[in-house]
Amino acid sequence: MAGITARICGICPVSHLLASAKTGDKILAVKIPPAADKLRRMMNLAQITQSHALSFFHLSSPDFLLGWDSDPAKRNVFGLIEANPDLARAGIRLRQFGQTVIEKLGTRKIHAAWIVPGGVRSPLSEAGRQWIVERLPESFETVQLALGLFKHLLDEQFQAEMNIFGEFPTLYMGLVNGNGEWEHYDGSLRFTDSQGNIVVDGLNEDDYHRFLGEAVEPWSYLKFPYYQPLGYPDGIYRVGPLARLNVCDRIGTEGADRELQELRDRAGGVATSSFLYHYARLIEILACLEKIQELVDDPDVLSPRCRAQGGVNQLNAVGVSEAPRGTLFHHYQVDENGLLEKVNLIIATGQNNLAMNKTVAQIAKHYIHGSEIPEGLLNRVEAGIRCYDPCLSCSTHAAGQMPLHLQLVAADGRLLNEVYR
Ligand code: NI
């Protein structure tokens, strides 16, 4: 199942490998060796780094640097290479760093079936370890450059975006470790609110159906998960980089904790604008690099004792991990032979669905007056959704092209206007 589910997505295969293998660990009823825990962590940190770098440098920084109203044909990484070749090159190399760490561990960049129930297939090689050590300083430099740039843009020109790109109160959900620190792989689930209160703590993924509901709407392929005690749609919550930084007490590494404090100071407490997902992604890249640096010096990552063996010992199991875009659940039921009988996946992007819809409404209400759809609205709607860095290949059943189609509907249901891209 780990090998199959990884193929759901070419962008976040490692996340599915992890959630699936953790579910498999429970079906085998094994405790994975310490070396396997560290090696899995290292791969997830590399995956978060490469995915966040893709989101920031390739997909979003053209919006930031070329402007929302610039030609869509130029608002991409090629336009960025023309406008700011040094930044584009550094961003491409940062993503390549994360991808190569994944390759050094799993022997392939994507769909590496290296994480398996019980642990991982093989340790890191000494040559791989040295490559990581050598490339870390440049990666740190790049994320610091991007953090400086983004903070400058926040100060100079993004006040409107801060106020309308998903600025509203919701709950936040994410994993934290036993000390309440930022967690990307294990730990327990915590919900906080927009005042910073802990709503509920120490939740176990096995009980997800008690605190998460999954609504469906006829007009979307994407499910609408919600916090069950508040009902649908009042139980709106956000997951992913911003949520993880909001739910944790601290990150647990020096540089990232300094940046987290600055984010909280700038936001005046809890960061409630989804525009700050971009900022949170950069802070998480820094946290990932710091944690990779700690792990790469740990002798366990070279240890061949990295896989526990076992048989089918449990027929129903839930695994959870943090994907780049947020918390990912896999739930399997198997028969006595270990054959799958029932599967449910709760994908990070789905959990942000209510918030993404609310963001589109907020942007539309700000820019649309009467029945005209102003120039540049499509770009802003797209950029509002892009704050969440949705992975639609993971979370929907859509096939083929995904055109942007915006309909303006009156209160009585009449279609007032529409635009396509
Ligand atoms: Ni994905």
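Note that the structure is predicted; figures quoted are calculated from it, not measured. (Residues numbered from 1 in each chain as written. Predicted model: local features only at pLDDT ≥ 70, side-chain atom pairs only at ≥ 80, totals over all residues. Heavy atoms only, no water.)

### Overview of the domain arrangement of the protein chain
Assigned domains of the protein chain: these are domain 1 (2-306) and domain 2 (370-420). Between the C-alpha centres of domain 1 and domain 2 the distance comes to 26 Å. Taken together, the contact between domain 1 and domain 2 spans 26 residues of the former and 16 residues of the latter. For the pairing of domain 1 and domain 2, the buried interface totals around 1,700 Å² over both sides, and the portion due to carbon and sulfur atoms is 57%. On the domain 1 side of the contact with domain 2, Trp68, Phe165 and Tyr221 bury the most area, a combined 29% of that side's loss. Across the domain 1-domain 2 interface, the total number found is one salt bridge. (Domains from an automatic or database assignment. Contact = heavy atoms within 4.5 Å. Buried area = accessible area lost by both parts, 1.4 Å probe. Salt bridge = Lys/Arg side-chain N within 4 Å of Asp/Glu carboxyl O.)

### Remarks on the environment of leucine 212
The topology assignment puts leucine 212 in strand E6 (residues 212-215). Assessed through its relative accessible area of 5%, leucine 212 is described here as buried. With residues up to four places along the chain from it excluded, the contact list for leucine 212 reads Met173, Phe191, Tyr226, Gln228, Tyr237, Phe329, Ile346 and Gln351. (Helix = DSSP H or I, 4+ residues; strand = E, 2+ residues; numbered from the N terminus. Buried < 20%, exposed > 50% of the residue type's maximum accessible area, 1.4 Å probe, protein only.)

### What about the packing of helix H5 (residues 85-106) against helix H6 (residues 126-157)?
In contact at an axis separation of 9 Å, H5 and H6 are set at 145° when each is read in the N-to-C sense. Of the two possible hands of crossing, H5 and H6 adopt the one that is left-handed. Across the interface between the two elements, Leu87, Ala90, Gly91, Arg93, Leu94, Gln96, Phe97, Thr100, Val101 and Lys104 of H5 pack against Gly128, Trp131, Ile132, Arg135, Leu136, Glu138, Ser139, Thr142, Leu145 and Leu149 of H6. Considering only residue class, the contact of H5 with H6 consists of 10 nonpolar, six polar and four charged. (Axes fitted to C-alpha atoms, helices over the stretch in contact; angles between N-to-C directions. Left-handed = near helix turned anticlockwise from the far one by under 90°. Nonpolar A, V, L, I, M, F, W, Y, C, P; charged D, E, K, R; others polar.)

### Details of the side chain of glutamate 284
With respect to the element layout, glutamate 284 can be found in helix H11 (residues 277-296). In this structure glutamate 284 comes out as buried when scored by relative accessible area, which is 0%. Engagement of the side chain of glutamate 284 in a polar contact is seen with the side chain of arginine 244, the distance being 2.7 Å. Non-local contacts of glutamate 284, meaning those with residues more than four positions away in its chain, are made with Ile48, His52, Trp182, Pro241, Arg244 and Leu245. (Polar contact = N/O pair within 3.5 Å; in protein donor to acceptor, adjacent residues only side chain to side chain.)

### Thoughts on helix H13 (residues 353-367)
With 15 residues, H13 extends 21 Å from end C-alpha to end C-alpha; this agrees with the ideal 21 Å at 1.5 Å per step. Along H13, the residues that are buried comprise Asn353, Leu354, Ala355, Met356, Thr359 and Ile363. Packing partners of the buried residues in H13 comprise helix H7 (159-164), strand E7 (224-227), strand E8 (237-238), helix H12 (348-351) and helix H14 (377-386). (Expected span 1.5 Å × (residues − 1).)

### Regarding the sheet that holds strand E5 (residues 198-203)
Across the sheet, which stays open at both edges, the four strands sit in the order E5-E4-E3-E8 with mixed pairing between neighbours. Strand pairing shows two members of the sheet lacking a second neighbour, E5 and E8, which therefore form its edges. Inspection of the sheet shows strand E3 (residues 171-176) paired to E8 by two bridges, in the parallel sense. Residue pairing across strands places tyrosine 172 opposite arginine 238, the latter belonging to E8. (Pairing = 2+ DSSP bridges.)

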